[in-house]
Amino acid sequence: MNRQIGIPCVMMRGGTSRGPFFLASDLPSVPAERDALLLSVMGAGNDLGIDGIGGGNPLTSKVAIVGPATKAGADVDYLFAQVRVQEGVVDTSPNCGNMLAAVGPFAIESGLVRAADGVTVVRIHNVNTGKLIEARVQTPGRQVVYEGEAVIDGVPGTAAPIHLAFLDAAGANTGRLLPTGSPVDRIHGIEVSCVDAAIPVMLVRAADLGKTGYEPTDSFRSDREFMARLEALRVEAGRRMGFPNAAGMVIPKPVLLAPPTRGGTLSVRYFMPQDCHRAMAITGAVATATACTVPGTVAAALLGGPLAMPGDVTFEHPAGRLTVRLEADADQAGGQAAPVAGILRTARRLFEGTVFARPSIPLRAAMAA
């Protein structure tokens, strides 16, 4: 009766995020049982995840579940779960592009994808959004390598490059690049742009909310009046985008925009949504960069007009810079020009073994045996 539930697990860093990776076959197929298991593993009920392996921050309270592909043209399925340990919630509505960076190496080393000699292309079906992402993983001698010369801001040292291409990012959750039908909406007297590309976001000028857009991340958390105002905007934007219960979801993600100060394209502060990201989410970067190409959006207006493609968008974020390469493509969902977005990331395998959940989790007997 006191035997804990052991699950094979690999902890990986993907981009500027970190979390456990599981094979789908090692977890319950029933979502409620799966989520109960993940909450126990990550240490739900405490903001530090002290009774689990959660990292005490939204960036380190993420889970990746990988399995054989269920979509034509893909090599593997990837389901992302944001575990909100304090609230005891597992949210599978968004994608995570940073964790995505580690999916290719994990899939190869788990035997789901056969490695090529040199570079292995892994086509990933993101189950959360139904979209395809192509990852190019360094595999000299048909072996994944993690050491290299690539640098990404927010992660110390260097590593092997992993190139991600978001092939059909538009309409990830809503089916439309502009879910409200307009490049700009006015909510509570504030202009915002609601954009859905890789992830739904609400873009707003920092100055319109009394901020510079250059503030350190921790300063937002202590400004309760600002956070309440931002959340009210986000929830209403979510309602207009088709999420009537946005208050209980992590999408849409709010993004504060400001002019650059260090030679980039825009300065950004990205929220997750109740805390400011210490860098910049990859999916958020794809959405914001895509907005730069759409006439009339808040992002395009800050640039003085829409960005021409092909082109680069460089975001200045709290930990440094992040560049998105945009190539023109046809958006089948809405008939608008939607780019293919390319981003350089790195990843590292940190440890592997067995993680344990409490034996009180209500699972089928076969799982708990």
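What you see is a predicted model; the values in this text were computed from it and never measured.

A. Representation of the overall build of the chain within the structure. Broken down by element type, the chain carries 8 helices and 17 strands. Taken over the C-alpha trace, the chain has a radius of gyration of 20 Å; the compact-globule value for 369 residues is 21 Å, and the two agree within 12%. Over its C-alpha atoms, taken along the principal directions, the chain stretches across nearly 60 × 45 × 40 Å. Put simply, 62% of the contacts in the chain that link residues at least 6 apart link residues at least 24 apart. For the chain, the computed accessible surface area is about 14500 Å², with 51% contributed by carbon and sulfur atoms.

B. Here's a closer look at the pairing of strand S4 (residues 76-84). Taken across its 9 residues, S4 has 9 buried, putting it largely inside the fold. The side-chain alternation of S4 yields two buried faces, one formed by Val 76, Tyr 78, Phe 80, Gln 82 and Arg 84 and the other by Asp 77, Leu 79, Ala 81 and Val 83. Here strand S3 (residues 62-68) pairs with S4 via 7 bridges, running antiparallel. The residue of S4 that forms the bridge with Gly 67 is Asp 77. Across 3 bridges, the pairing between S4 and strand S6 (residues 118-126) is parallel. Across the sheet, Val 76 pairs through a bridge with Ile 124, a residue of S6. Pairing analysis gives 3 bridges linking S4 to strand S5 (residues 89-91), with the strands arranged antiparallel. Following the sheet pairing, Val 83 is matched in S5 by Val 90.

C. Structural detail: the environment of Val 113. Here Val 113 lies in the loop between helix H3 (103-109) and S6. Residue Val 113 is classed as buried on the basis of its relative accessible area, which comes to 11%. Beyond its immediate sequence surroundings of up to four residues, Val 113 is in contact with Asp 75, Val 76, Ala 107, Ile 108, Thr 120 and Val 122.

D. Structural view of the side chain of Ser 40. Along the polypeptide, Ser 40 turns up in helix H1 (residues 31-42). Taking relative accessible area as the criterion, Ser 40 reaches 11% and is therefore assigned buried. Discounting chain neighbours no more than four positions away, the residues touching Ser 40 are Asp 51, Gly 52, Ala 357, Arg 358 and Ile 361.

E. Representation of the confidence of the model for the chain within the structure. On average, residues of the chain score 93 in pLDDT, and 95% of them reach the 70 mark or higher. Taken together, the stretch residues 331-335 has pLDDT below 50 and engages in 5 contacts with residues farther than four places along the chain or on a different chain.

F. Broad picture of the nonpolar core. The biggest cluster of nonpolar side chains holds 89 residues, and the ones touching the most others in it are Phe 21, Tyr 78, Phe 166 and Leu 256. In this view, Tyr 78 contacts Ala 64, Ile 65, Asn 95, Cys 96, Met 99, Leu 100, Val 103, Ile 124, His 125, Asn 126, Val 127 and Asn 128; residues no more than four positions away in its chain are not counted. Among the nonpolar cores identified, the runner-up in size contains 21 residues, and Cys 9, Phe 22, Ala 81 and Val 85 belong to it.

G. Broad picture of the side chain of Asp 77. Structurally, the position occupied by Asp 77 is in strand S4. Buried charge without a salt bridge: Asp 77, with Lys 71 as the nearest opposite-charge side chain at an N-O distance of 8.8 Å. Reaching out from Asp 77, the side chain makes a polar contact with the side chain of Thr 70 at a distance of 2.7 Å. Apart from residues lying up to four places away in sequence, Asp 77 is in contact with Ile 65, Val 66, Gly 67, Pro 68, Ala 69, Thr 70, Lys 71, His 125 and Val 127.

H. Focus on the packing of aromatic side chains. What the rule picks out here adds up to 4 aromatic pairs. For the pair Phe 220 and Phe 226, a centre-to-centre distance of 5.5 Å together with 40° between the ring planes defines the contact as tilted. Exposure remark for Phe 220: the relative accessible area of 0% places this residue in the buried category. Given a relative accessible area of 4%, Phe 226 falls into the buried group. Residues Phe 220 and Phe 271 carry aromatic rings whose centres are separated by 5.1 Å and whose planes lie at 80° to one another, so their mutual orientation is edge-to-face. In this pair, Phe 220 sits in helix H4 (residues 217-222) while Phe 271 sits in the loop between strand S13 (266-270) and helix H6 (282-291), placing the two residues 51 residues apart along the sequence. Here the aromatic cluster, defined as three or more aromatic residues joined through ring pairs, consists of Phe 220, Phe 226 and Phe 271. Positioned above the aromatic ring of Phe 226, the side-chain terminus of Lys 211 is 5.0 Å from the ring centre.

About the cut-offs
Residues numbered from 1 in each chain as written. Predicted model: local features only at pLDDT ≥ 70, side-chain atom pairs only at ≥ 80, totals over all residues. Heavy atoms only, no water. Helix = DSSP H or I, 4+ residues; strand = E, 2+ residues; numbered from the N terminus. Rg over C-alpha atoms; globule rule 2.2 N^0.38 Å. Contact = heavy atoms within 4.5 Å. Areas by Shrake-Rupley, 256 points an atom, 1.4 Å probe, with all protein chains shown as cover. Buried < 20%, exposed > 50% of the residue type's maximum accessible area, 1.4 Å probe, protein only. Pairing = 2+ DSSP bridges. pLDDT = per-residue confidence, 0-100. Core = buried A, V, L, I, M, F, W, Y, C linked by side-chain atoms within 4.5 Å. Lys, Arg positive; Asp, Glu negative; His and termini not counted. Salt bridge = Lys/Arg side-chain N within 4 Å of Asp/Glu carboxyl O. Polar contact = N/O pair within 3.5 Å; in protein donor to acceptor, adjacent residues only side chain to side chain. Phe/Tyr/Trp six-rings, centres within 6.5 Å; stacked < 30°, edge-to-face > 60°. Lys NZ or Arg CZ within 6 Å of the ring centre and 35° of its normal.

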